[in-house]
Amino acid sequence: MKELNTVWGVGSASGCALGKAVVFTPKRQIVPRRIITDPEAELARLSKAREEYGTELSLLYKQTLQKMDQPSADIFLMYSMLLEDDDIIDNIEQMVRTEHMNADYALQSEMKRLFELFSAMEDEYMRERSSDIENIANELIMRMQGTNTSLEINKSKGKQNLILVADVLTPADIVGLDRSCIKGVVSEHGSIHSHASILCRAMGMPMVVEAQGATCCITDGATVAVSGDTGEVVCEPDEAIIERYMAQIAEHDKQRHRYEKAADLKAVTLDGQELRVTVNIFSAEDLNKADWDLIDGVGLYRSDFLYLSGKDYPSEAQLFRAYKSAAEKAKGRDVVISAFDIGGDKCADYMQLPKEENPFLGKRAIRICLERPDLFCIQLRAVLKASAYGRVKLLLPMVSGTDEVKQTRHLLYRVMKQLKKENVHFDEHLPVGVMIETPAAVITSDVLAKTADFFSIGSNDLTQFVLAADRLNPQVEKLYDVCSPSVLRSIALVVRNAQKHKIPVSICGEAAGDTELIPLWAALRINELSVLPCDAAQVKYHVRQMHCNGIRASLDEVLCCTSADDVRRLLKKFSQ
C-alpha cells in the first residue's frame, strides 16, 4: 500500500465501508462590510432568516424523532436554543444600529467572536461546540444572501455504494443522507464529540473525522475504503486491502445475522431468567415499521409527536385512531401509552406556554395534564376507548408524588362514568403506571408502588435530575452518566420497592438498549427493557449470551462503586 493513498483520521462511528467517493466542498461565505442607512430593514432581513431557519430546525427535530431517537433529535433542539439566544441577537442588533453595518456582517463578527471563545477552551467537547456556532452563522448568512443551504448528492450516481467525503458536515447534512446508497462518511473537520458524529453513530454509519487533506487527495468517483474503528481512509485500495475490508464488512454482516436470528426468540439468559423486550414508539411511522411478531409489546408510546406535529391540540378522534391502531397491531401485547409530556423541551407555538427560566423543572408533563383537565380528559377518553381493542396501559410522566396519581385516577373515574353513559366499551381496570424520572419519585417509590400498577424507569431524565446535570448543556455534559453510582443506586431502590409490592418494573431510555448495562438490569431483576425498534434484536441476542447468577453475586460490588468509571470496568468483565 502506498502511503500517499492513505489518509488517517479519527474513527468517530464504528464500522467499515467500501464505495465510490462523492466529494463535497461547500463554498465559503464571503461577507463584505457595508455601510447601511436603514438599520431596521437590515434587522428585518436577519429576523426573516432566523424565522426560516427556526422552522427548518423544528422540522428536522420532528423528522429525526421519527427516524431515530430522542437524543439525536435533541441536537436540533439545542441549535434552536442557540438561535433564540437573546444575548447574541442583542449584540448583533447593537452593531447594526450604532455602527451602521450590514446585518450579515454583524452576525459574522459576533459569531466569529463566539467561535474563537469556544475554540480556545481546554475541554474538547466545549471546543467542538464552536462548530455548532459556525454552522448556525453559515445557515443564517446563506439565507440572507439567498444561496442554497442543503447538501445535494448527484442523482446520476444512482444507487451504488457511495462514500461521502467533505470538508465539514452539519447535523442537517447527516440526517438528510440517503442511507440506501451512502455507506460511509469522511470529514476533514469535526471530532468524536461533534453532532455529526453522534448522528452517524445513531444511524450505524461508519465515520472518520479529522481526516486532513481528504478532499484534496480523494477525487470524485475514486474507490474508497473507510474504517470508523481505526480512522483509516484508503483511496484506490489494492486487492489485499479490498479483501481485508470485505472480510470486516462480512464479519459485521455475520454479527447482524446473529442479531436477526435472535430477533424471533425470547430474551432468556443462559440460566433461565426471561426479560421482556418491548419497543418505544414515537409516531405512526414507527408503528408501521415495527415487526410485531418479534417484540413483546410497546413499552412506551409517546404521544408527544401527535401534539407537536400539528397547528392545534389533537382531537379525541385523532388520538383514538392512533391509539386504536397501536392496540390492534400489538395483537394482544401490552401497549403502554404515556400521558402527553409537553412543556420543557417539547413545546409548539400554538400551546402558548409561558417562557420559563428552567423549563425542565417547570410546568410540563403531568403538571400540565392536571392543570388542564379539559385537555387531559380528551386524551384519557381516547386511551380508554382504545383499551377495548387491546391490552392498553396508561403511564404518567414526571410524577413527584402520590397526589398526582390520585388526581389522575379521579379524572379517569369521571371519564369512565361518561363513557358508560355513552355505551362505549373500555377496560374498566385500565392499569395506571408511574414513570420514575424524578428524585422525588425515587425516594417515595415505596409509597408510589401502593398506588401504581407498574413502574417504568425513564433513564434519560432520571439521570439528569439525580445528577443535576442538564443533558442539553454542554458545560455539564460530562457529568451526565447513567453509570454514576447515585443513579444506579436510585434505580436499585426503585426496583426493590417495586418487587416488595409485587408490581412489574421496566426501564426505558438510552440505558435500556445499552448492551454494556444489560447484565446489570438482569441482575437487578428488572422485568422489561423498552428500546428503539432497531435495537430489539441486538438486546435479545446479548440477553441470551449471559449468565445472571454470577453477575448477581457481584451486584453489591457494582452498587458500592464510587465512580462511573469503576462501574464500567466491572461491567466490562461481565460482558466478556
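Reading the values: rules and limits
Residues numbered from 1 in each chain as written. Predicted model: local features only at pLDDT ≥ 70, side-chain atom pairs only at ≥ 80, totals over all residues. Heavy atoms only, no water. UniProt positions renumbered as here; feature names shortened; annotations may be inferred. Helix = DSSP H or I, 4+ residues; strand = E, 2+ residues; numbered from the N terminus. Buried < 20%, exposed > 50% of the residue type's maximum accessible area, 1.4 Å probe, protein only. Contact = heavy atoms within 4.5 Å. Salt bridge = Lys/Arg side-chain N within 4 Å of Asp/Glu carboxyl O. 1 Å grid on protein atoms, 1.4 Å probe; cavity = no way out; pocket = protein on both sides within 12 Å on 5 of 7 lines; lining within 4 Å. Points joined across faces, edges and corners; volume = space filled by probe spheres on them. Phe/Tyr/Trp six-rings, centres within 6.5 Å; stacked < 30°, edge-to-face > 60°. Lys NZ or Arg CZ within 6 Å of the ring centre and 35° of its normal. Pairing = 2+ DSSP bridges. Expected span 1.5 Å × (residues − 1). Core = buried A, V, L, I, M, F, W, Y, C linked by side-chain atoms within 4.5 Å.

- Identification of the protein chain as Phosphoenolpyruvate-protein phosphotransferase from Hydrogenoanaerobacterium saccharovorans is taken from an unreviewed UniProt entry.
- Comment text from UniProt for the protein chain, heading Subcellular location (unreviewed entry), reads "Cytoplasm".

### Section: the overall build of the protein chain
Here's step 1: On a plain count of helices and strands, the protein chain comes out with 24 helices and 17 strands.
Here's step 2: Across the 576 residues in the protein chain, those meeting the buried criterion constitute 54%.
Here's step 3: The long-range fraction of contacts in the protein chain, counting pairs at least 24 apart against all pairs at least 6 apart in sequence, stands at 69%.

### Quick notes on the pattern of salt bridges
Here's step 1: One pass over the structure, following the stated rule, counts 27 salt bridges.
Here's step 2: Between glutamate 99 and arginine 33 there is a salt bridge, with the nearest N and O atoms lying 3.8 Å from each other. Remark: arginine 33 occurs in the loop between β3 (16–24) and α1 (39–67) and glutamate 99 occurs in helix α3 (residues 86–99); sequence separation between them is 66 residues.
Here's step 3: For glutamate 99, a relative accessible area of 39% translates into the label partly exposed.
Here's step 4: As a salt-bridge pair, arginine 256 and glutamate 260 come within 3.8 Å of each other at their nearest N and O atoms. Here the residue arginine 256 and the residue glutamate 260 both occupy positions in helix α9 (residues 239–263), the gap between them amounting to four residues, near one helical turn.
Here's step 5: If you follow the salt bridges from partner to partner, you end up with Arg276, Asp334, Arg391, Lys393 and Glu528 in one network.

### A closer look at empty space enclosed by the protein
Here's step 1: As enumerated under the stated definition, the model contains four cavities of 30 Å³ or more in all.
Here's step 2: Of the voids in this model, the second largest cavity is the one considered here, and its volume is about 50 Å³.
Here's step 3: Lining the second largest cavity we find Tyr53, Leu57, Leu60, Phe76, Tyr79, Asn135, Glu139, Thr170, Pro171 and Ala172.
Here's step 4: Contributing elements (two or more residues each) for the lining of the second largest cavity: α1, α2 (70–83), α5 (124–145) and α6 (171–175).

### Some remarks on helix α7 (residues 195–203)
Here's step 1: Restricting attention to buried positions, one finds in α7 the residues His195, Ala196, Ser197, Leu199, Cys200 and Met203.
Here's step 2: Backbone geometry just after α7 places glycine 204 at a positive phi near 75°.

### Examining the packing of aromatic side chains
Here's step 1: Throughout the structure, instances matching the rule amount to four aromatic pairs.
Here's step 2: Centroid distance phenylalanine 340 to phenylalanine 376: 6.2 Å. Interplanar angle 85°. Geometry classified as edge-to-face. Taken together, the residues span a long stretch of sequence, with phenylalanine 340 in the loop between β12 (334–338) and α13 (366–371) and phenylalanine 376 in helix α14 (residues 373–386) at a distance of 36 residues.
Here's step 3: On the accessibility criterion, phenylalanine 376 (0% relative accessible area) is buried.
Here's step 4: Over the ring of tyrosine 389 we find lysine 324; its NZ or CZ atom is 4.9 Å from the centre of that ring.
Here's step 5: Above the plane of the ring of phenylalanine 454 lies lysine 393, whose end atom (NZ or CZ) is 5.1 Å from the centre.

### Some thoughts on the pairing of strand β15 (residues 454–458)
Here's step 1: In terms of residue burial, β15 counts as a mostly covered element, since five of its five residues are buried.
Here's step 2: Taking every second residue as pointing to the same face, both faces of β15 are buried, with Phe454, Ser456 and Gly458 on one and Phe455 and Ile457 on the other.
Here's step 3: As defined by bridge partners, strand β14 (residues 432–436) adjoins β15 across four bridges and the pair is classed as parallel. Its bridge partner being in β15, valine 434 is matched across the sheet by phenylalanine 455.
Here's step 4: Sheet topology places β15 next to strand β16 (residues 505–508); four bridges connect them, and they run parallel. By the bridge assignment, glycine 458 is partnered in β16 with cysteine 508.

### Description of helix α12 (residues 316–329)
Here's step 1: In this model, α12 (14 residues) spans 20 Å end to end at C-alpha, consistent with the 20 Å of a helix rising 1.5 Å per residue.
Here's step 2: A positive phi of about 50° marks lysine 331, the residue just after α12.

### A few points about the environment of leucine 570
Here's step 1: Counting through the fold element by element, leucine 570 comes out in helix α24 (residues 564–575).
Here's step 2: Residue class for leucine 570 comes out buried when judged on its relative accessible area of 10%.
Here's step 3: Sequence-wise, leucine 570 and serine 554 are 16 residues apart; in three dimensions their C-alpha atoms are separated by 9.0 Å.
Here's step 4: Those residues in contact with leucine 570, other than ones at most four positions away along the chain, are Glu557, Val558 and Cys561.

### Remarks on the nonpolar core
Here's step 1: Membership of the largest hydrophobic core comes to 103 residues, with the highest contact counts inside it found for Tyr301, Phe376, Phe455, Ile491, Trp521 and Leu529.
Here's step 2: It is α14 that provides the largest number of residues to this core, a total of eight residues.
Here's step 3: Residues in contact with phenylalanine 376, not counting those within four places in the same chain, are Ala339, Phe340, Ile366, Cys369, Leu370, Leu396, Thr408 and Leu411.
Here's step 4: One finds Val22, Leu57, Ile141 and Met205 within the second-largest nonpolar core, a separate group that totals 57 residues.

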